[in-house]
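Commentary on secondary and tertiary structure
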Amino acid sequence: MANSSLTPNASRRYRTGDQNWVREHNLSIVLNYIWEAGGPIARARLTEISGLNKSTIGSILTELQAWGYIKETGTSSVGPGRPGVMIDINPDAGRVIGAEIGVDFASVVLADLKANVLWQRTIETNGHDYSAKPNQDQVLAQTEALVVEAIAQVEAAGQRLLGISLGVPGLVDHATGTLLFAPNLGWSNVPLREMWQRFKVPVIVENEANAAALGEHMLGNARQVANFIHLSAGVGLGGGIVIDGKLYGGVGGYAGEIGHMTLAPDGQQCKCGNRGCWETLIGPTAIVNRVQQVAGEGRAPILMALPEVNGNIQAIRMKHVLEAAQRDEPAVLLVLDDVGRYLGIGIANLLNAFNPSLIVLGGMLSLAGPYILPRAQREVEARALAANRAGMQIVLSAFKSDACVMGCVSLIIREILNNPTAWRPDRVPNLRGEFAASS
Ligand SMILES: [Zn+2]
């Protein structure tokens, strides 16, 4: 298993560096610089930014190329002197699968090593019935079937599968890859990584909001941003807090459950057992419930006339709410404005606590952005300390509903960049369990 949580001696406080460690560390640093360049980078520039000497860079690049991670993409004649060799990540170094189990859907993407999506499928798993508890065995089987489909694509292309990452809406024990508790799914203690050992590649299980935050950090709108908070609204409301470039996990890795901050002490019952959580005020389920109430009072004729709703209040889903908002249904816009109010109040609290430079709205919040952001901005202006809102920006996720699966893709890529030796072709088997000859 190539996974950072299983690295030998990870519990030692300080790691001493022998020659091998220095070598592996330098391989990772150079690979990370190539990745961060976001496109071809000159070999001379790599030498410059890494601070390594020319011969060390030369042998590192030879090794990374032999393992298939990078490729030469020709020469560049910018500047004086000899044309320089240009180097880029080799997208065909292998394939990566990102998966998500949501409350009413499962989604799987297949990507290359540059995070280009090659194949994607999303299915409904629960008939959009948020009140029914999803059948665990059935949903897992449906999700696994999607992964098998993705793997078939990898096989057909004669490619190597480098890893699978799965995002879930609940607390995850990272050491074992077990889903401990998912209030909105009603599941507990599901040993997901153990179950997916059958795929014979490294499997990383992560909380969906954390995955989304890390994806936004590596691939999306929070690139190069050291301090930010990602708010992710699927059915519930999750958060990922990135501090100094690292996800803040807290003692047990469970930090970021900001959807369960109490904002209304005597408010609605939340699935976590508490009352008046932020999630019960701005989560998609809460939004749909409030719009259903408004519709029941006869105040949402445009919404009720939508073909998929057709007068049936129970048929109203978030997508219909957004459609009615787009058609300027006044009562729906009022509900969303109030959602913006509580969004802004919660963000003001987060700004005062963490002083981030960026808040990223993901999932349903990003889709509802135009209708909730103006009010949220006004609340932030009115409530956050001036020093904590100075220069701060609220932006929408680059990946919207795909934030989690893309985050999962980024988790595997990140592991590879940080430990390329563990993923070299003679260490990770192909799908038939065969290892490449040692290079
Ligand atoms: Zn709660």
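Everything quoted here is computed from the prediction, not taken from an experiment. (Residues numbered from 1 in each chain as written. Predicted model: local features only at pLDDT ≥ 70, side-chain atom pairs only at ≥ 80, totals over all residues. Heavy atoms only, no water.)

**Let's talk about the environment of V380**
Under the convention used in this document: Helix and strand assignments come from DSSP, with helices taken as H or I runs of at least 4 residues and strands as E runs of at least 2, each series counted from the N terminus. Here, two residues are considered to be in contact whenever any of their heavy atoms come within 4.5 Å of each other.
Mapping V380 onto the fold places it in helix α13 (residues 369-383). In this structure, the C-alpha to C-alpha distance between V380 and G346, residues 34 residues apart in sequence, is 8.7 Å. Sequence-distant contacts of V380, that is, excluding residues within four places in its chain, are made with G344, I347, A348, L351, R389, M392 and I394.

**Here's the deal with the packing of aromatic side chains**
Keep this limit in mind: Only centres within 6.5 Å qualify two rings of Phe, Tyr or Trp (six-membered ring in Trp) as a pair; their planes then separate them into stacked at under 30 degrees, edge-to-face at over 60, and tilted for everything else. Relative accessibility under 20% of the residue-type maximum defines a buried residue, over 50% an exposed one, and the middle range a partly exposed one, all with a 1.4 Å probe and only protein chains included. Any Lys NZ or Arg CZ found within 6 Å of a ring centre and within 35 degrees of that ring's normal is scored as a charge over the ring.
Under the criterion given, the structure shown has two aromatic pairs. With centroids separated by 6.4 Å and ring planes inclined at 90°, the aromatic side chains of W67 and Y69 adopt a geometry described as edge-to-face. Taken as a pair, W67 and Y69 share a single burial class, namely buried. Between the aromatic rings of W196 and F199, the centroid separation amounts to 5.6 Å while the plane-to-plane angle is 85°, which identifies the pairing as edge-to-face. Comparing W196 with F199 shows no difference in burial state: the two are buried. Here the guanidinium or amino end of R341 rests over the ring plane of Y342, the centre of that ring lying 5.2 Å away.

**Some remarks on the domain arrangement of the protein chain**
What counts, and what does not: Segment limits for the domains were obtained from an automatic or database-derived domain assignment. Defined in terms of a 1.4 Å probe, buried area is the accessible area two parts forfeit on being brought together, summed over both. Within this document, salt bridges are pairs made up of a side-chain nitrogen of Lys or Arg and a carboxyl oxygen of Asp or Glu, the two lying within 4 Å of each other. Here a polar contact is recorded for every N or O atom pair within 3.5 Å, except that within protein the pair must consist of a potential hydrogen donor and a potential acceptor, and residues adjacent in sequence are included only if both atoms are side-chain atoms.
Here the protein chain is described as being made up of domain 1 (4-92), domain 2 (94-215 + 402-423) and domain 3 (225-397). Summarising the inter-unit geometry, the C-alpha centres of domain 2 and domain 3 are found 25 Å apart. On the side of domain 3, 20 residues touch domain 2, which itself brings 19 residues to the contact. Overall, the association of domain 2 and domain 3 removes approximately 1700 Å² of surface from exposure, summing both partners, and the carbon and sulfur fraction of that is 59%. Taken together, the links from domain 2 to domain 3 amount to zero salt bridges. Summed over the shared surface of domain 2 and domain 3, the number is two residue pairs in polar contact (both at pLDDT 80 or more).

**Some thoughts on the coordination of the zinc ion**
Selection rule: Donor criterion used throughout: N, O or S atom within 2.8 Å of the metal, extended to 3.2 Å for Na, K and Ca. Water excluded; incomplete-looking sites may result. Angle rules define the geometry names used: all angles between 85 and 135 degrees makes four donors tetrahedral, while opposite donors over 155 degrees apart and all other angles between 65 and 115 make four donors square planar and six octahedral, leaving every other case irregular.
Surrounding the zinc ion are the protein donor atoms H260 (ND1), C270 (SG), C272 (SG) and C277 (SG), at 2.0 to 2.3 Å. Each of the four donor atoms bound to the zinc ion contributes to angles spanning 105 to 121°, and the resulting shape is tetrahedral. In primary-sequence terms, the residues that donate to the zinc ion follow H-x9-C-x1-C-x4-C. We classify C270 as buried; its relative accessible area is 5%.

**Here's the deal with the side chain of E206**
The line we're drawing: None of His or the chain ends enter the tally, which takes Lys and Arg as positive and Asp and Glu as negative.
Note that E206 resides in strand β11 (residues 203-207). Buried charge without a partner: E206 forms no salt bridge, and the closest opposite charge is R414, 9.0 Å away. Residue contacts for E206: discarding those within four places in its chain leaves L166, G167, V168, V172, H174, A211, L247 and L411.

**Some remarks on the environment of V321**
Mapped onto the secondary structure, V321 falls in helix α10 (residues 318-326). Under the relative-accessibility criterion, V321 is labelled buried at 0%. The residues contacting V321, other than those within four sequence positions of it, are I287, V291, L303, I316, V332 and L336.

**Description of the sheet that holds β11**
Formally: Only strands joined by at least two bridges in the DSSP assignment are considered to pair. Only the stretch in contact is used when fitting a helix axis, every axis being a line fitted to C-alpha atoms; angles between N-to-C directions are given from 0 to 180 degrees.
The five strands are arranged β6-β5-β4-β7-β11 in an open sheet whose pairing can be described as mixed. In this open sheet, the two edge strands, each paired with only one partner strand, are β6 (117-124) and β11. Direction aside, the axes of adjacent strands within the sheet are offset by 15° on average. Across seven bridges, the pairing between strand β4 (residues 95-101) and strand β5 (residues 105-112) is antiparallel.

**What about the packing of α10 against helix α11 (residues 330-354)?**
Stated precisely, the cut-off is as follows: We call two directions roughly parallel when the angle between them is under 35 degrees, roughly antiparallel when it is over 145, roughly perpendicular when it lies between 65 and 115, and oblique otherwise. Definitions for this section: a left-handed crossing has its near helix turned counterclockwise from the far helix by less than a right angle. A right-handed crossing has that turn clockwise.
Here α10 crosses α11 at 115°, and the two axes come no closer than 8 Å. Between α10 and α11, the angle is such that the two are roughly perpendicular. The interaxial crossing formed by α10 with α11 has left-handed handedness. On α11, the residues touching V321, A324 and A325 of α10 are V332, L333 and L336.

**Comments concerning the pattern of salt bridges**
For side chains bearing opposite charge, pairing can occur when the charged atoms are close. In total, this model carries 16 salt bridges according to the counting rule given. Linking R23 and E63 is a salt bridge whose minimum nitrogen-to-oxygen distance equals 2.7 Å. One end of the pair, R23, is in helix α1 (residues 19-37); the other, E63, is in helix α3 (residues 54-66), with 40 residues separating them in the sequence. Counted as one network, the salt bridges with shared partners bring together D337, R375, E379 and R383.

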